[in-house]
Amino acid sequence: MTNVILLGPPGAGKGTQAKRLVTERGMVQLSTGDMLREARSSGSDMGLRVAAVMDAGGLVTDEIVIGLIREKLSHGGSAGYIFDGFPRTLAQADALGDLLGQMGQRLDAVIAMEVDDGVLVRRITGRYTCADCGAVYHDETHPTTRPGVCDSCGSTNLVRRADDNEDSLRHRLMEYYKKTSPLIGYYYAKGDLTRVDALARVEDVAAEISMALNKG
Ligand code: ADP
Ligand code: AMP
(Lines give C-alpha, C1' and ligand atoms only; values in the text may rest on other atoms or scores of the structure.)
(Ligands and ions follow the chains in the order given, each with its own letter.)
Protein backbone atom coordinates (compact mmCIF):
# COMPACT_ATOMS: atom_id res chain seq x y z
CA MET A 1 0.00 0.00 0.00
CA THR A 2 1.63 3.21 -1.20
CA ASN A 3 0.08 6.66 -1.01
CA VAL A 4 1.71 9.48 -2.92
CA ILE A 5 1.04 13.14 -3.61
CA LEU A 6 2.10 14.60 -6.95
CA LEU A 7 2.74 18.27 -6.25
CA GLY A 8 3.51 20.87 -8.88
CA PRO A 9 2.14 23.79 -10.89
CA PRO A 10 -0.44 23.35 -13.65
CA GLY A 11 1.27 21.64 -16.57
CA ALA A 12 4.04 20.04 -14.50
CA GLY A 13 2.94 16.60 -15.69
CA LYS A 14 1.02 15.31 -12.64
CA GLY A 15 -1.82 13.76 -14.64
CA THR A 16 0.58 12.18 -17.14
CA GLN A 17 2.60 10.52 -14.39
CA ALA A 18 -0.51 9.54 -12.39
CA LYS A 19 -1.87 7.64 -15.40
CA ARG A 20 1.40 5.70 -15.67
CA LEU A 21 1.27 4.75 -11.99
CA VAL A 22 -2.30 3.51 -12.46
CA THR A 23 -1.23 1.28 -15.36
CA GLU A 24 2.07 0.10 -13.90
CA ARG A 25 1.15 -0.32 -10.25
CA GLY A 26 -2.63 -0.62 -10.13
CA MET A 27 -2.83 2.45 -7.91
CA VAL A 28 -5.94 4.65 -7.82
CA GLN A 29 -5.70 8.21 -9.19
CA LEU A 30 -7.61 10.78 -7.17
CA SER A 31 -7.66 14.00 -9.20
CA THR A 32 -9.83 16.69 -7.64
CA GLY A 33 -9.72 18.56 -10.98
CA ASP A 34 -11.24 15.53 -12.74
CA MET A 35 -13.86 15.14 -10.00
CA LEU A 36 -14.84 18.80 -10.27
CA ARG A 37 -15.04 18.60 -14.09
CA GLU A 38 -17.27 15.54 -13.71
CA ALA A 39 -19.52 17.44 -11.30
CA ARG A 40 -19.78 20.22 -13.88
CA SER A 41 -20.65 17.99 -16.76
CA SER A 42 -23.26 16.14 -14.70
CA GLY A 43 -24.88 19.53 -14.03
CA SER A 44 -25.03 19.02 -10.25
CA ASP A 45 -25.62 22.02 -7.95
CA MET A 46 -22.04 21.86 -6.76
CA GLY A 47 -20.77 21.61 -10.34
CA LEU A 48 -22.66 24.74 -11.31
CA ARG A 49 -21.37 26.61 -8.27
CA VAL A 50 -17.70 25.89 -9.04
CA ALA A 51 -17.78 26.44 -12.82
CA ALA A 52 -16.97 30.16 -12.87
CA VAL A 53 -14.13 29.83 -10.33
CA MET A 54 -12.55 27.01 -12.33
CA ASP A 55 -12.79 28.82 -15.66
CA ALA A 56 -11.09 31.85 -14.15
CA GLY A 57 -8.34 29.66 -12.69
CA GLY A 58 -9.20 30.23 -9.01
CA LEU A 59 -9.27 27.62 -6.26
CA VAL A 60 -12.52 25.95 -5.30
CA THR A 61 -13.25 26.05 -1.53
CA ASP A 62 -11.42 23.68 0.79
CA GLU A 63 -14.74 22.40 2.07
CA ILE A 64 -15.83 21.18 -1.35
CA VAL A 65 -12.58 19.48 -2.38
CA ILE A 66 -11.99 17.90 1.04
CA GLY A 67 -15.56 16.55 0.85
CA LEU A 68 -14.80 14.99 -2.56
CA ILE A 69 -11.64 13.29 -1.29
CA ARG A 70 -13.32 12.10 1.91
CA GLU A 71 -16.03 10.43 -0.12
CA LYS A 72 -13.54 8.61 -2.39
CA LEU A 73 -11.39 7.42 0.50
CA SER A 74 -14.40 6.09 2.34
CA HIS A 75 -14.82 3.45 -0.40
CA GLY A 76 -11.43 2.01 0.65
CA GLY A 77 -9.59 -0.93 -0.89
CA SER A 78 -6.80 -0.02 -3.27
CA ALA A 79 -3.12 -0.65 -3.96
CA GLY A 80 -2.57 2.93 -2.88
CA TYR A 81 -3.70 6.38 -3.87
CA ILE A 82 -2.12 8.97 -6.13
CA PHE A 83 -3.26 12.41 -5.05
CA ASP A 84 -3.14 14.54 -8.21
CA GLY A 85 -3.91 18.24 -7.75
CA PHE A 86 -4.78 17.72 -4.07
CA PRO A 87 -3.88 19.06 -1.56
CA ARG A 88 -3.52 22.63 -2.84
CA THR A 89 -3.69 24.49 0.50
CA LEU A 90 -2.34 23.89 3.99
CA ALA A 91 -5.90 23.26 5.24
CA GLN A 92 -6.29 20.54 2.59
CA ALA A 93 -2.91 19.03 3.56
CA ASP A 94 -3.95 18.84 7.21
CA ALA A 95 -7.32 17.32 6.28
CA LEU A 96 -5.60 14.67 4.14
CA GLY A 97 -3.27 13.76 7.01
CA ASP A 98 -6.30 13.36 9.31
CA LEU A 99 -8.28 11.30 6.78
CA LEU A 100 -5.39 8.90 6.15
CA GLY A 101 -4.75 8.66 9.91
CA GLN A 102 -8.39 7.72 10.52
CA MET A 103 -7.99 4.91 7.98
CA GLY A 104 -4.80 3.68 9.67
CA GLN A 105 -2.78 4.77 6.65
CA ARG A 106 -0.03 7.23 5.96
CA LEU A 107 1.57 9.21 3.18
CA ASP A 108 4.58 7.41 1.74
CA ALA A 109 5.92 10.13 -0.53
CA VAL A 110 5.33 13.63 -1.77
CA ILE A 111 6.83 14.26 -5.19
CA ALA A 112 7.62 17.91 -5.94
CA MET A 113 7.59 18.12 -9.74
CA GLU A 114 9.99 20.94 -10.59
CA VAL A 115 9.67 22.86 -13.86
CA ASP A 116 10.55 26.29 -15.23
CA ASP A 117 7.51 28.55 -15.47
CA GLY A 118 8.48 29.33 -19.05
CA VAL A 119 7.56 25.85 -20.29
CA LEU A 120 4.13 25.82 -18.66
CA VAL A 121 2.38 28.07 -21.18
CA ARG A 122 3.49 25.76 -23.97
CA ARG A 123 2.52 22.62 -22.10
CA ILE A 124 -0.90 23.95 -21.14
CA THR A 125 -1.86 25.53 -24.45
CA GLY A 126 -0.84 22.37 -26.36
CA ARG A 127 -2.65 19.93 -24.06
CA TYR A 128 -5.61 17.78 -25.07
CA THR A 129 -7.08 14.71 -23.42
CA CYS A 130 -9.27 11.74 -24.21
CA ALA A 131 -12.70 12.41 -22.73
CA ASP A 132 -13.34 8.67 -22.48
CA CYS A 133 -10.20 7.29 -20.78
CA GLY A 134 -8.39 10.45 -19.63
CA ALA A 135 -5.16 9.85 -21.59
CA VAL A 136 -3.14 13.07 -21.85
CA TYR A 137 -1.62 14.33 -25.13
CA HIS A 138 0.26 17.34 -26.44
CA ASP A 139 0.24 18.94 -29.90
CA GLU A 140 4.04 18.97 -30.13
CA THR A 141 5.59 16.66 -27.54
CA HIS A 142 3.08 13.82 -27.43
CA PRO A 143 0.44 13.81 -30.20
CA THR A 144 -1.80 10.79 -30.82
CA THR A 145 -0.29 8.36 -33.34
CA ARG A 146 -3.34 8.65 -35.59
CA PRO A 147 -4.70 12.20 -35.69
CA GLY A 148 -7.95 12.48 -33.72
CA VAL A 149 -7.83 8.92 -32.32
CA CYS A 150 -6.83 8.07 -28.75
CA ASP A 151 -3.84 5.66 -28.62
CA SER A 152 -5.06 4.11 -25.38
CA CYS A 153 -8.73 3.37 -26.06
CA GLY A 154 -9.42 4.23 -29.72
CA SER A 155 -11.97 6.93 -28.87
CA THR A 156 -12.29 9.96 -31.16
CA ASN A 157 -13.58 12.06 -28.28
CA LEU A 158 -10.47 14.21 -27.78
CA VAL A 159 -11.05 17.46 -25.92
CA ARG A 160 -9.32 20.64 -24.76
CA ARG A 161 -10.06 22.13 -21.35
CA ALA A 162 -11.93 25.45 -21.12
CA ASP A 163 -9.31 26.73 -18.65
CA ASP A 164 -6.29 25.79 -20.78
CA ASN A 165 -5.71 29.30 -22.08
CA GLU A 166 -3.00 31.79 -21.21
CA ASP A 167 -5.19 34.11 -19.07
CA SER A 168 -6.51 31.37 -16.87
CA LEU A 169 -3.04 29.83 -16.62
CA ARG A 170 -1.62 33.11 -15.26
CA HIS A 171 -4.26 33.10 -12.53
CA ARG A 172 -3.73 29.40 -11.78
CA LEU A 173 0.01 30.04 -11.44
CA MET A 174 -0.63 32.94 -9.07
CA GLU A 175 -2.86 30.71 -6.94
CA TYR A 176 -0.19 28.02 -7.06
CA TYR A 177 2.55 30.31 -5.75
CA LYS A 178 0.35 31.95 -3.13
CA LYS A 179 -1.45 28.93 -1.73
CA THR A 180 0.07 25.65 -2.94
CA SER A 181 3.84 26.13 -3.13
CA PRO A 182 4.08 26.55 0.69
CA LEU A 183 3.23 22.84 0.84
CA ILE A 184 6.71 22.09 -0.49
CA GLY A 185 8.25 23.50 2.68
CA TYR A 186 5.58 21.83 4.80
CA TYR A 187 6.28 18.35 3.44
CA TYR A 188 10.03 18.93 3.37
CA ALA A 189 9.90 19.70 7.09
CA LYS A 190 7.90 16.52 7.67
CA GLY A 191 10.60 14.54 5.84
CA ASP A 192 8.27 13.30 3.09
CA LEU A 193 9.51 15.33 0.11
CA THR A 194 11.33 14.12 -3.01
CA ARG A 195 12.18 16.64 -5.70
CA VAL A 196 11.97 15.46 -9.30
CA ASP A 197 13.14 17.19 -12.48
CA ALA A 198 9.82 17.40 -14.34
CA LEU A 199 11.46 19.07 -17.37
CA ALA A 200 12.96 15.71 -18.30
CA ARG A 201 11.35 13.24 -20.74
CA VAL A 202 8.14 11.60 -19.52
CA GLU A 203 9.94 8.21 -19.15
CA ASP A 204 12.79 9.74 -17.14
CA VAL A 205 10.40 11.58 -14.82
CA ALA A 206 8.53 8.28 -14.34
CA ALA A 207 11.79 6.50 -13.46
CA GLU A 208 12.63 9.10 -10.82
CA ILE A 209 9.16 8.84 -9.28
CA SER A 210 9.41 5.06 -9.29
CA MET A 211 12.71 5.22 -7.46
CA ALA A 212 11.21 7.49 -4.80
CA LEU A 213 8.25 5.14 -4.31
CA ASN A 214 10.44 2.05 -4.04
CA LYS A 215 12.45 3.76 -1.32
CA GLY A 216 9.35 4.83 0.63
P1 ADP B 1 -0.73 18.55 -14.92
O2 ADP B 1 -1.61 17.37 -14.60
O3 ADP B 1 0.38 18.71 -13.92
O4 ADP B 1 -1.48 19.82 -15.13
P5 ADP B 1 -0.32 17.17 -17.49
O6 ADP B 1 0.13 15.79 -17.09
O7 ADP B 1 -1.72 17.32 -17.96
O8 ADP B 1 0.00 18.23 -16.31
O9 ADP B 1 0.70 17.69 -18.61
C10 ADP B 1 0.53 18.96 -19.24
C11 ADP B 1 0.95 18.85 -20.72
O12 ADP B 1 2.37 18.65 -20.79
C13 ADP B 1 0.29 17.69 -21.45
O14 ADP B 1 -0.05 18.09 -22.76
C15 ADP B 1 1.38 16.60 -21.46
O16 ADP B 1 1.27 15.77 -22.62
C17 ADP B 1 2.67 17.42 -21.46
N18 ADP B 1 3.74 16.78 -20.68
C19 ADP B 1 3.63 16.13 -19.50
N20 ADP B 1 4.83 15.71 -19.06
C21 ADP B 1 5.74 16.11 -19.99
C22 ADP B 1 7.18 15.99 -20.12
N23 ADP B 1 7.90 15.37 -19.18
N24 ADP B 1 7.76 16.54 -21.20
C25 ADP B 1 7.02 17.19 -22.14
N26 ADP B 1 5.68 17.32 -22.10
C27 ADP B 1 5.04 16.80 -21.03
P1 AMP C 1 -6.54 20.64 -12.32
O2 AMP C 1 -7.29 19.64 -13.15
O3 AMP C 1 -5.81 19.99 -11.17
O4 AMP C 1 -5.64 21.52 -13.14
O5 AMP C 1 -7.63 21.57 -11.64
C6 AMP C 1 -8.51 22.37 -12.42
C7 AMP C 1 -9.21 23.39 -11.54
O8 AMP C 1 -10.03 22.72 -10.56
C9 AMP C 1 -8.30 24.29 -10.70
O10 AMP C 1 -7.82 25.43 -11.43
C11 AMP C 1 -9.24 24.70 -9.55
O12 AMP C 1 -10.18 25.67 -9.98
C13 AMP C 1 -10.00 23.40 -9.31
N14 AMP C 1 -9.32 22.51 -8.32
C15 AMP C 1 -8.80 21.27 -8.58
N16 AMP C 1 -8.28 20.74 -7.47
C17 AMP C 1 -8.44 21.67 -6.48
C18 AMP C 1 -8.09 21.71 -5.10
N19 AMP C 1 -7.45 20.69 -4.51
N20 AMP C 1 -8.43 22.84 -4.39
C21 AMP C 1 -9.08 23.85 -4.97
N22 AMP C 1 -9.43 23.87 -6.27
C23 AMP C 1 -9.13 22.80 -7.02
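Predicted model only: the values in this text are computed from it and were never measured.

Q: Can you tell me about the site of ligand 2, naming the residues and giving the values?
A: Close contacts around ligand 2 come from 16 residues, with Thr32, Arg37, Gly58, Gln92 and Arg161 the closest. Take glycine 58: an N or O atom from its main chain is 2.5 Å from an oxygen atom of ligand 2. Burial of ligand 2 by the protein chains amounts to 96% of its free accessible area of 480 Å². Tallying contributions element by element places helix H2 (residues 32-42) first for the shell around ligand 2, with four residues. Considered class by class, the residues forming the shell around ligand 2 number six nonpolar, five polar and five charged.

Q: Can you lay out the sheet that holds strand E6 (residues 136-138) for me, pointing to particular residues and giving the numbers?
A: Strands sit in the order E6-E5-E7 across an open sheet of three strands; the sheet is antiparallel. Each edge of the open sheet is held by one strand with a lone partner, namely E6 and strand E7 (158-159). Bridge analysis of strand E5 (residues 127-130) against E6 gives three bridges, and the strand direction is antiparallel. Note on E6: the bridge partner recorded for threonine 129 is valine 136.

Q: Outline the site of ligand 1, listing residues and values.
A: Near ligand 1 there are 18 residues, and of these Lys14, Thr16, Arg127, Tyr137 and Ala200 occur at the shortest range. One of the side-chain N or O atoms of threonine 141 is found 3.4 Å from a nitrogen atom in ligand 1. For ligand 1, whose accessible area on its own is 570 Å², the fraction buried by protein is 91%. Here the shell around ligand 1 is built from residues that sort into eight nonpolar, six polar and four charged.

Q: Describe in detail the pairing of strand E1 (residues 4-7), supporting the description with residues and values.
A: Every regular strand shows the same layout, with side chains that alternate between the two sheet faces. Judged by which residues are buried, E1 turns out to be covered on both faces: Val4 and Leu6 on one side and Ile5 and Leu7 on the other are all buried. In the sheet, E1 pairs with strand E3 (residues 81-84) via three bridges, with the strands oriented parallel. In the sheet register, leucine 6 faces E3, and the bridge partner there is aspartate 84. Where E1 and strand E4 (residues 109-114) come together, four bridges link them in parallel fashion. Within E4, the residue paired with leucine 6 across the bridge is isoleucine 111.

Q: Give a description of the packing of H2 against helix H4 (residues 62-74) that names residues and reports values.
A: Contact geometry for H2 and H4: axes closest at 10 Å, N-to-C directions at 100°. For the element pair H2 / H4, the angle class is roughly perpendicular. Contacts from Thr32, Met35 and Leu36 in H2 reach Ile64, Val65, Leu68, Ile69 and Lys72 in H4. Taken together, the residues that form the contact of H2 with H4 break down as six nonpolar, one polar and one charged.

Q: Break down helix H5 (residues 90-102) for me, citing the residues and quoting the values.
A: Look at H5: 18 Å from first C-alpha to last across 13 residues, which is about the 18 Å you get at 1.5 Å a residue. Among the residues of H5, those classed as buried are Gln92, Ala93, Ala95, Leu96, Leu99 and Leu100. Buried residues along H5 cover an arc of 165° about the axis, so they all sit on one side. Where H5 is buried, its residues meet E1, H4, E3 and helix H8 (182-190).

Q: Requested: an account of the packing of aromatic side chains, with residues and values cited.
A: Taken as a whole and judged by the stated rule, the model has five aromatic pairs. Between tyrosine 81 and phenylalanine 83, the ring centres sit 6.1 Å apart and the planes meet at 40°, which makes this aromatic pair tilted. Given a relative accessible area of 3%, tyrosine 81 falls into the buried group. The interplanar angle of 85° and the centroid separation of 4.9 Å between the aromatic rings of tyrosine 186 and tyrosine 187 together place this pair among those described as edge-to-face. What makes tyrosine 186 partly exposed here is its relative accessible area of 22%. Of the residues examined, tyrosine 187 reaches a relative accessible area of 2% and is grouped as buried. A connected cluster of aromatic rings, assembled from ring pairs, spans Tyr81, Phe83 and Phe86.

Quick notes on the rules
Residues numbered from 1 in each chain as written. Chains lettered and ligands numbered in written order. Predicted model: local features only at pLDDT ≥ 70, side-chain atom pairs only at ≥ 80, totals over all residues. Heavy atoms only, no water. Near = heavy atom within 4 Å. Polar contact = N/O pair within 3.5 Å; in protein donor to acceptor, adjacent residues only side chain to side chain. Areas by Shrake-Rupley, 256 points an atom, 1.4 Å probe, with all protein chains shown as cover. Helix = DSSP H or I, 4+ residues; strand = E, 2+ residues; numbered from the N terminus. Nonpolar A, V, L, I, M, F, W, Y, C, P; charged D, E, K, R; others polar. Pairing = 2+ DSSP bridges. Buried < 20%, exposed > 50% of the residue type's maximum accessible area, 1.4 Å probe, protein only. Axes fitted to C-alpha atoms, helices over the stretch in contact; angles between N-to-C directions. Parallel < 35°, antiparallel > 145°, perpendicular 65-115°, else oblique. Contact = heavy atoms within 4.5 Å. Expected span 1.5 Å × (residues − 1). Arc of directions from axis to C-beta. Phe/Tyr/Trp six-rings, centres within 6.5 Å; stacked < 30°, edge-to-face > 60°.

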